[in-house]
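Coordinate analysis (summary)
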Amino acid sequence: MILSPVAAVAAGWFTIYLFFRKARAWLLAYVVGAVGFTLIAIYLARGSWLEEQVEAGAALAAHWLSSLVGIPTRVFFDAPGTLLVLIVYQVMGWTAVEIDIECSGILELAAFAGLVLFFEGFEWWKRLLILTGGLLLTFGMNVIRILIVVATIHRGGKDAIYLAHTLIGRAVFFAMVIGLYWYVFTRLTMETIRRRISGDR
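Everything in this summary refers to the structure shown in the same document.

Scanning the protein from terminus to terminus reveals seven helices and three strands. Moving toward the C terminus, one meets the helices and strands of the protein in the order α-α-α-β-β-β-α-α-α-α. Counting only residues that meet the buried cut, the protein has 39% of its 201 residues in that class. If you sum the accessible surface of the protein, you get close to 12,000 Å²; carbon and sulfur atoms cover 71% of it.

Another point: the pattern of salt bridges. The tally for this structure, following the rule as stated, stands at two salt bridges. The salt bridge involving Arg21 is made with Glu120; its shortest N-O contact spans 2.9 Å. One end of the pair, Arg21, is in helix α1 (residues 5-22); the other, Glu120, is in the loop between α5 (106-117) and α6 (124-156), with 99 residues separating them in the sequence. The class for Arg21 is partly exposed, based on a relative accessible area of 35%. The exposure class assigned to Glu120 is partly exposed, which follows from its relative accessible area of 35%.

We now examine the nonpolar core. Counting residues in hydrophobic clusters, the biggest one holds 21 residues, and the most contacted among them are Tyr30, Phe112, Val116, Phe122, Ile130, Val184 and Phe185. For this core, the element with the highest residue contribution is helix α7 (residues 161-198), accounting for six residues. In contact with Phe185, other than residues within four places in its own chain, are Tyr30, Phe112, Leu115, Val116 and Phe119. Ranked by size, the runner-up nonpolar core spans nine residues in total, among them Ala58, Ile71, Ile99 and Cys103.

Now for the packing of α1 against helix α2 (residues 26-45). For the pair α1 and α2, the least separation of the axes is 8 Å and the interaxial angle reads 165°. When the axis of α1 is compared with that of α2, the two are roughly antiparallel. Remark: the crossing between α1 and α2 carries left-handed chirality. The segment α1 lies against α2, with Val6, Ala10, Trp13, Ile16, Tyr17, Phe20 and Arg21 engaging Trp26, Leu28, Ala29, Val32, Gly33, Gly36, Phe37, Ile40, Tyr43 and Leu44. Of the residues that constitute the contact of α1 with α2, the class distribution is 14 nonpolar, two polar and one charged.

For the structure on display, the rule yields one cavity of 30 Å³ or more. The volume enclosed by the largest cavity comes to roughly 70 Å³. Together, Val97, Ile99, Cys103, Arg145, Ile146, Val149 and His165 line the largest cavity. Of all the elements, α6 adds the most residues to the lining of the largest cavity, at three residues. For the lining of the largest cavity, the per-class residue count stands at five nonpolar, one polar and one charged.

We now examine the layout of surface pockets. Taken as a whole, the largest pocket holds about 200 Å³ of empty space. Residue assignment for the lining of the largest pocket shows that the elements contributing at least two residues are α2, α3 (49-68), α5 and α6. By residue class, the composition of the lining of the largest pocket is 12 nonpolar, no polar and no charged.

It is worth spelling out the packing of aromatic side chains at this point. Each aromatic ring pair is summarised here by two numbers: the centre-to-centre distance and the angle between the ring planes. Enumeration according to the criterion identifies 12 aromatic pairs in this entry. Ring geometry for Trp13 against Phe118: centres 5.9 Å apart, planes inclined by 75°, an arrangement best described as edge-to-face. You can see Trp13 sitting in helix α1 and its partner Phe118 sitting in the loop between α5 and α6, a full 105 residues away along the chain. Judged by relative accessible area, which is 16%, Trp13 ranks as buried. Considering the side-chain rings of Tyr17 and Phe118, the 5.0 Å spacing of their centres and the 85° angle between planes classify their relative orientation as edge-to-face. Here Phe118 lies in the loop between α5 and α6 and Tyr17 lies in helix α1, a separation of 101 residues in the sequence. Grouping residues by exposure puts Tyr17 and Phe118 together as buried. Through a chain of ring-to-ring contacts, three or more aromatic side chains come together here, namely Tyr30, Phe112, Phe119, Phe122, Tyr181 and Phe185. Directly above the ring of Phe173 sits Arg145, whose terminal nitrogen or CZ lies 4.2 Å from the centroid.

Basis of the calculations
- Residues numbered from 1 in each chain as written.
- Predicted model: local features only at pLDDT ≥ 70, side-chain atom pairs only at ≥ 80, totals over all residues.
- Heavy atoms only, no water.
- Helix = DSSP H or I, 4+ residues; strand = E, 2+ residues; numbered from the N terminus.
- Buried < 20%, exposed > 50% of the residue type's maximum accessible area, 1.4 Å probe, protein only.
- Areas by Shrake-Rupley, 256 points an atom, 1.4 Å probe, with all protein chains shown as cover.
- Salt bridge = Lys/Arg side-chain N within 4 Å of Asp/Glu carboxyl O.
- Core = buried A, V, L, I, M, F, W, Y, C linked by side-chain atoms within 4.5 Å.
- Contact = heavy atoms within 4.5 Å.
- Axes fitted to C-alpha atoms, helices over the stretch in contact; angles between N-to-C directions.
- Parallel < 35°, antiparallel > 145°, perpendicular 65-115°, else oblique.
- Left-handed = near helix turned anticlockwise from the far one by under 90°.
- Nonpolar A, V, L, I, M, F, W, Y, C, P; charged D, E, K, R; others polar.
- 1 Å grid on protein atoms, 1.4 Å probe; cavity = no way out; pocket = protein on both sides within 12 Å on 5 of 7 lines; lining within 4 Å.
- Points joined across faces, edges and corners; volume = space filled by probe spheres on them.
- Phe/Tyr/Trp six-rings, centres within 6.5 Å; stacked < 30°, edge-to-face > 60°.
- Lys NZ or Arg CZ within 6 Å of the ring centre and 35° of its normal.

Function-wise, these values are silent; they only describe arrangement.
Written out as structure tokens, the structure is:
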């Protein structure tokens, strides 16, 4: 039986991870595990049904929130040359905002999943709880980023696309992600260490 290239890479990655873990080289095992998982997950997600659903969900959620704040939007599926387009109304007409893999949050979702799944500081059940909550929060934060982009373009017109997407939206999303990572990997870890030192469960 011949392994596919992806399966061969995944097998090699997991073997290296197990080697470092068995050698108790925890930092190397964590880095190899988290980074390898993230890259493989992103590769498998690209062009998949999962990517379609996450992109559609992000666009529909942003569309719903936009209507709540009074910004007219439309969502079009099967648009020529694009998988999904979110349309933003403005004085000069309609502007198409494409929700692709970079804007869908899949990259950040995969990175968070890798960092949590291979983090040895929490028991497996706690990792699953943190993973579930963190993925939902990351998705929600990405929808907020899209809404900020939509609102900026709605108010500033086509010339505000670069400002909205590259600067404002990305900066706000980055700040929210850093806050999530600080809470999960710093605050929760410190609380776990404190409980272990004091003998609490």
